[in-house]
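Listed here are the chains, written in short residue letters.
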Amino acid sequence: MMGTTEIIIVVGVVLILFGARAIPKFARSVGKAKHEFEKGVREGEDEPTNTDTNSGSTTNTTGTSDRNTDKNSGDRSSGSPSQ
C-alpha cells in the first residue's frame, strides 16, 4: 500500500505532466467508466446463469458436446485421404 509521501509525489508528477486543466477531465472520464462498469455488472447479475438449457446440445461425461464427438467420430471415407 502506498503511503502519504508516495501519493503526494504521484500527484505532483501527474500535475507536472498533464497540467491542472487535464486532471478534472481525467477524473470525470474515470468516474463515467466506473459507472458504466457497475451498470454492466448489475445487468450481468440479472441474466440467468444457466445458459446450457438454451443451447440444445447435451454434454457427455467427458465434458464435450455430442455434436462435436459425432463430427469427429465415424468413418473417414467422406472424401478425406486415408493415411
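Residues numbered from 1 in each chain as written. Predicted model: local features only at pLDDT ≥ 70, side-chain atom pairs only at ≥ 80, totals over all residues. Heavy atoms only, no water.

**Description of the overall build of the chain**
Where we set the bar: Secondary structure elements are defined from DSSP: runs of H or I of at least 4 residues count as helices, runs of E of at least 2 residues count as strands, and each element is numbered from the N terminus. Classification of residues uses two cut-offs on accessible area relative to the type maximum, computed with a 1.4 Å probe and protein chains only: under 20% is buried, over 50% is exposed, and between them is partly exposed.
Counting its secondary structure elements, the chain contains four helices and zero strands. Along the chain, helices and strands appear, N-terminal first, in the series α-α-α-α. Taken across its 83 residues, the chain has 1% of its residues classed as buried.

**Points about a positive patch on the surface**
In plain terms, the rule: Residues enter patches when their relative accessible area tops 30% and they take part in no salt bridge; the joining distance is 9 Å for like charges and 5 Å for the nonpolar side chains Val, Leu, Ile, Met, Phe, Trp and Tyr. For every accessible area listed, the method is Shrake-Rupley and the probe measures 1.4 Å; residues are considered covered only by the protein chains on display. Any carboxyl oxygen of Asp or Glu that lies within 4 Å of a side-chain nitrogen of Lys or Arg is treated as forming a salt bridge with it. Counted as positive: Lys and Arg. Counted as negative: Asp and Glu, with His and the chain ends omitted from the count. Throughout, a charge is located at the NZ atom of Lys, the CZ atom of Arg, the CG atom of Asp or the CD atom of Glu.
On the surface, a cluster of positive charge is made up of Arg21, Lys25, Arg28 and Lys32. Within the secondary structure layout, Lys25 lies in helix H2 (residues 22-46).

**Description of the pattern of salt bridges**
Scanning the model with the defined rule gives one salt bridge in all. We note a salt bridge from Glu38 to Lys34, for which the minimum N-O separation is 3.3 Å. Here Lys34 and Glu38 lie together in helix H2, a separation of four residues that amounts to about one turn. The exposed category is assigned to Lys34, whose relative accessible area is 52%.

**A look at a negative patch on the surface**
A cluster of like negative charges, contributed by Glu36, Glu43, Glu45, Asp46 and Glu47, occupies part of the molecular surface. Relative to the elements of secondary structure, Glu36 occurs in helix H2. Given the relative accessible area of 47%, Glu36 is considered partly exposed.

**Things to note about helix H1 (residues 4-18)**
Note the following rule: Multiplying one less than the number of residues by 1.5 Å gives the expected span of a helix.
Between the first and last C-alpha of H1 there are 21 Å, a value that for 15 residues agrees with the 21 Å anticipated at 1.5 Å per step. Taken from the residues just after H1, Gly19 is the one with a positive phi, measuring 85 degrees.

**Observations concerning the confidence of the model for the chain**
Where we set the bar: The quantity known as pLDDT measures the predictor's confidence residue by residue, on a range of 0 to 100.
Per-chain confidence: the chain averages 75 in pLDDT, with 58% of residues scoring 70 or above. The secondary structure element of the chain with the lowest average pLDDT is helix H4 (residues 66-72), at 52, and the one with the highest is H2, at 92.

**Notes on a nonpolar patch on the surface**
Taken together, the side chains of Met2, Ile7, Ile9, Val10, Val11, Val13, Val14, Leu15, Leu17 and Phe18 make up a nonpolar region of the molecular surface, amounting to roughly 920 Å² of accessible area. You can see Val10 is positioned in helix H1. Judged by relative accessible area, Val10 falls into the partly exposed class, the value being 43%.

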